[in-house]
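Spelled out from the first residue to the last, the chains are:
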Amino acid sequence: MLALQGDFEAHARVLMELGAAPREVRTPAHLEGLDALVIPGGESTTMTLGIEREGLAEPLRDLVRSGTPTLGTCAGLIMLDREHLDLLDVRARRNAFGRQLASFESEVQVEGVGEADSPFRAVFIRAPWVEEHGEEVEVLADVDGHPVAVRQGNILAVAFHPEIAGDPRLHAWLLEKVRQKA
Ligand code: GLN
């Protein structure tokens, strides 16, 4: 987990419950030997500054481009977009739901992830949505026509916070990708 800022501890709890051994990443050296990457929710400007300060941008790009299964949530989705790490061919719109809808919960069905089960009880907190995306990006869920869950190859990104609701299915998807690679 990228642990410069944000709610990485909540992700760590979900991952540990699934039997994984999460590690906090704060410097390039911490990326050594990782099987998967989580970029948590938080504040994307602060996270960007931390990435610059630590010289993490290129090492993170190398890790994800080499096929490492990656999950980004909320600010994590923003960090993956064209204007930030440029790993997902999307343009995220920050705080997209506006003031009145700053924070809300919604039932979201994410295509191909735990689909046979109930929808996600998705918690949105000053969440982004995907404003525009390239052809290789698959939209897995939307709210009122705005994409809030997308996948591109080894990368899954959602605008909501699955770790707050304690729903482990997105993290389980990530670990399943790791097993498929092994
Ligand atoms: N609004 C935040 C940002 O733009 C993201 C919010 C979140 O991660 N919960 O960075």
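The residue numbering used here restarts from 1 in each chain and proceeds along that chain's sequence as written. Given that the model is predicted, a residue must reach a pLDDT of at least 70 before its local features are reported, and side-chain atom pairs must reach 80 or more before they are shown or counted; all residues, however, enter totals for whole chains, interfaces and linings. Side-chain calculation: all heavy atoms of the structure are included, whereas hydrogens and water are not.

**Student:** When you look at the overall build of the protein in this model, what are you seeing that I'm missing?
**Tutor:** Numbering of helices and strands runs from the N terminus, with a helix taken as a DSSP run of H or I at least four residues long and a strand as a DSSP run of E at least two residues long. Scanning the protein from terminus to terminus reveals six helices and nine strands. Computation of the radius of gyration draws on C-alpha atoms alone. For the globule rule, the value is 2.2 Å times the number of residues to the power 0.38. Taken against the 2.2 N^0.38 rule, which gives 16 Å for 182 residues, the C-alpha radius of gyration of the protein at 15 Å falls within 12% of a compact globule. On the principal axes, the C-alpha backbone points of the protein span a range of 40 × 35 × 30 Å. Three exposure classes are used, based on accessible area relative to the maximum for each residue type with a 1.4 Å probe and protein chains only: buried under 20%, partly exposed in between, and exposed over 50%. By the burial criterion, 49% of the 182 residues in the protein qualify as buried. Within the protein, contacts between residues separated by at least 24 positions form 64% of all contacts whose residues are at least 6 apart in sequence. To measure how exposed things are, a 1.4 Å probe is used in the Shrake-Rupley method; for residues, cover is taken only from the protein chains shown. As displayed, the protein has an accessible area near 8,600 Å², and 46% of this comes from carbon and sulfur atoms. In what follows, a contact means two residues having at least one pair of non-hydrogen atoms within 4.5 Å.

**Student:** Looking at this structure, how should I read the environment of Ala149?
**Tutor:** For Ala149, the position within the fold is in strand E8 (residues 146-152). Relative accessible area serves as the criterion here: at 0%, Ala149 is assigned to the buried category. C-alpha of Ala149 to C-alpha of Cys74: the two residues are 75 residues apart in sequence and 9.8 Å apart in space. Residue contacts for Ala149: discarding those within four places in its chain leaves Val110, Glu138, Val139, Leu140, Ala141, Ala157 and Val158.

**Student:** Can you walk me through the site of the ligand in this structure?
**Tutor:** Residues are counted as near a molecule or strand when any one of their heavy atoms sits within 4 Å of it. Close to the ligand lie Gly41, Gly42, Glu43, Ser44, Cys74, Ala75, Ile78, Arg94, Asn95, Ile125, Arg126 and His161, which account for all nearby residues. Under this definition, polar contacts are N or O atom pairs within 3.5 Å; protein pairs additionally need one hydrogen-donor-capable and one acceptor-capable atom, and for neighbouring residues in sequence, both atoms have to be side-chain atoms. Separating a nitrogen atom of the ligand from a side-chain N or O atom of Asn95 is a distance of 2.7 Å. Here a nitrogen atom of the ligand and a backbone polar atom of Arg126 are 2.9 Å apart. Protein burial of the ligand: of its 300 Å² of free accessible surface, 95% is covered by the chains. Amino acids are sorted into nonpolar (Ala, Val, Leu, Ile, Met, Phe, Trp, Tyr, Cys and Pro), charged (Asp, Glu, Lys and Arg) and polar (every other residue, Gly among them). Grouping the amino acids of the shell around the ligand by side-chain chemistry returns four nonpolar, five polar and three charged.

**Student:** Help me understand the environment of Pro119 in this model?
**Tutor:** Inspection of the secondary structure assignment puts Pro119 in the loop between strand E4 (103-108) and strand E5 (120-125). We classify Pro119 as partly exposed; its relative accessible area is 26%. Pro119 sits 53 residues away from Ser66 along the chain, and the two C-alpha atoms are 31 Å apart. The residues contacting Pro119, other than those within four sequence positions of it, are Glu107, Val108, Gln109 and Arg169.

**Student:** Would you take a moment to explain the nonpolar core for this structure?
**Tutor:** Grouped burial of nonpolar side chains is what soluble globular proteins tend to show. By nonpolar core we mean a set of buried residues, namely Ala, Val, Leu, Ile, Met, Phe, Trp, Tyr and Cys, connected to one another through side-chain atoms within 4.5 Å. Val108, Val110, Phe124, Val148 and Phe160 are the most contacted members of the largest nonpolar core, which totals 61 residues. Those residues in contact with Phe124, other than ones at most four positions away along the chain, are Phe97, Ala102, Ser103, Phe104, Ser106, Val108, Val143, Val148, Ala159 and Phe160.

**Student:** Got a minute to help me understand the sheet that holds strand E7 (residues 138-143) in this structure?
**Tutor:** Strands belonging to one sheet form pairs held by backbone hydrogen bonds; the direction of such a pair is parallel or antiparallel. By the convention used here, strands pair only if DSSP detects at least 2 bridges between them. Pairing is mixed across the open sheet formed by five strands, whose spatial order is E1-E2-E9-E8-E7. Across the chains shown, the open sheet's two edge strands, defined by having one partner strand only, are strand E1 (37-39) and E7. Taking the axes of each pair of neighbouring strands and ignoring which way they run, one obtains an average angle of 15 degrees across the sheet. Both E7 and E8 contribute to a ladder of five bridges, which runs antiparallel. In the strand pairing of E8, Val143 is matched with His146. All axes here are fitted lines through C-alpha atoms, helices being fitted over the stretch that makes contact, and every angle between N-to-C directions spans 0 to 180 degrees.

**Student:** Is there a simple way to think about the packing of aromatic side chains in this case?
**Tutor:** Working definition: an aromatic ring pair is given by the centre-to-centre distance plus the angle between the planes. Pairing of aromatic side chains requires ring centres within 6.5 Å, counting the rings of Phe and Tyr and the six-membered ring of Trp. Pairs whose planes differ by under 30 degrees are stacked, by over 60 edge-to-face, and all others tilted. Within this structure, the stated rule accounts for six aromatic pairs. Consider the rings of Phe97 and Phe104, whose centres lie 5.0 Å apart with planes at 65 degrees: the pair is edge-to-face. Among the aromatic residues, those joined into a ring-pair cluster are Phe97, Phe104, Phe120, Phe124, Trp129 and Phe160. Throughout this description, the term charge over a ring refers to an Arg CZ or Lys NZ atom that lies within 6 Å of the ring centre and within 35 degrees of the ring normal. Stacked on the ring of Phe120, the Lys or Arg Arg169 has its end atom at 4.2 Å from the ring centre.

Shape descriptors only; they carry no functional weight alone.
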